[in-house]
Amino acid sequence: ARFGISDSAFTDLLSTVGSLLPKENVMPPNAYEAKKTLSNLGLEYIKYHSCPNDCILYRGVYVDASKCPKCSLSRWKLGKDGKVRINVPAKIMWYFPIIPRLKRMFKSPSTSELMTWHAKQRIEDGKMRHPADSPSWRNIDYRWLAFGSEARNIRLALSADGINPHNNGLTKRYTCWPVVLVTYNLPPWLCMKRKFMMLTVLVPDPHEPG
């Protein structure tokens, strides 16, 4: 993905490397099998059709709709001839499920212990060292007593910003909007580490998602 290698080139690379390994190796023989391995690790994604104006996602009660009930734009893409291309969505949102990733965090004994650090090991001396020291955190504990009483309940921060993945000076009109979740249960020296920041949504569009 980093170097933009096509599936066919990656298949050739796998076959070349596999030919250098012993016969009993478990190297995937092609790109398709490699992607299946990633899917088994819980790295799958779900594609949802979206209104071009970000009004709705075509799921739930709108799963069979052909146009947006709010702005009346067609769900389907318009061709250069002006005709609607049925079954070709005008816009797609990619969703990366977070529940399997949260479950994996609790499967690790060391990480599972750190998920309750804010309640069991945090120094409480009135100084702001962690989001748990903030009024917002205490407000959540006060308003939702059942949620706040369980230290393992997960506090998440959401961040979204537009990026230009191509960044070659020629495609300034294109941006992609990633939505990232940060786990605030962890100690302050870990909660902002890349391994604990979860990409959950990708929205390709020149404008911010609705």
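Residues numbered from 1 in each chain as written. Predicted model: local features only at pLDDT ≥ 70, side-chain atom pairs only at ≥ 80, totals over all residues. Heavy atoms only, no water.

Chemist: Just to check I follow, could you spell out the environment of isoleucine 163 for this structure?
Modeler: Looking at the secondary structure, you find isoleucine 163 in the loop between strand E5 (156-160) and strand E6 (176-183). Spatially, the C-alpha atom of isoleucine 163 lies 9.7 Å from that of proline 204, the residues being 41 residues apart in sequence. Apart from the residues lying within four places of it in its own chain, the contact partners of isoleucine 163 are Tyr174, Thr175, Cys176 and Pro178. (Helix = DSSP H or I, 4+ residues; strand = E, 2+ residues; numbered from the N terminus. Contact = heavy atoms within 4.5 Å.)

Chemist: Please explain the pattern of salt bridges as it appears in this structure.
Modeler: Close approach of charged atoms allows side chains with opposite charge to pair. Per the counting criterion, the structure on display carries eight salt bridges. Of the charged contacts, one joins glutamate 124 and arginine 122 as a salt bridge, the two residues approaching to 3.8 Å between their closest N and O atoms. Between arginine 155 and aspartate 141 there is a salt bridge whose closest N-O contact spans 2.6 Å. Residue arginine 155 is found in the loop between helix H7 (145-149) and E5, and its partner aspartate 141 is found in helix H6 (residues 135-143); the two are separated by 14 residues along the sequence. Using a relative accessible area of 8% as the deciding quantity, one classes arginine 155 as buried. (Salt bridge = Lys/Arg side-chain N within 4 Å of Asp/Glu carboxyl O. Buried < 20%, exposed > 50% of the residue type's maximum accessible area, 1.4 Å probe, protein only.)

Chemist: Quick question: what am I supposed to make of the layout of surface pockets here?
Modeler: Here the idea is plain: a probe the size of a water molecule rolls over the atoms and shows the empty space left. In this structure, the largest pocket spans a volume of roughly 880 Å³. Ala1, Arg2, Asp7, Lys35 and Leu38 are the residues nearest the centre of the largest pocket, which is lined by 21 residues in total. At the level of elements, helix H1 (7-20) and helix H2 (31-40) are the ones that each hand at least two residues to the lining of the largest pocket. Of all the elements, H2 adds the most residues to the lining of the largest pocket, at five residues. (1 Å grid on protein atoms, 1.4 Å probe; cavity = no way out; pocket = protein on both sides within 12 Å on 5 of 7 lines; lining within 4 Å. Points joined across faces, edges and corners; volume = space filled by probe spheres on them.)

Chemist: What's the story with helix H3 (residues 99-107) in this structure? I'm lost.
Modeler: Side chains three or four residues apart in an α-helix point the same way, a direct result of the helix having 3.6 residues per turn. Every buried residue of H3 is listed here: Arg101, Leu102 and Met105. One side of H3 carries all its buried residues, which in axial view fall inside an arc of 100°. The exposed residues of H3 that point more than 90 degrees off its buried face are Lys103 and Lys107. Tucked into the core, H3 has its buried residues touching helix H4 (109-114), E6 and strand E7 (197-204). (Arc of directions from axis to C-beta.)

Chemist: What's the story with the pairing of strand E4 (residues 92-95) in this structure? I'm lost.
Modeler: For a regular strand, side-chain orientation follows a simple rule: the groups alternate between the two sheet faces. When strand E1 (residues 46-49) meets E4, the two strands line up antiparallel, connected through four bridges. Looking across to E4, one finds that isoleucine 46 is bridged to tyrosine 95. The pairing of E4 with E7 spans two bridges and is classified as antiparallel. Its bridge partner being in E7, tryptophan 94 is matched across the sheet by leucine 202. (Pairing = 2+ DSSP bridges.)

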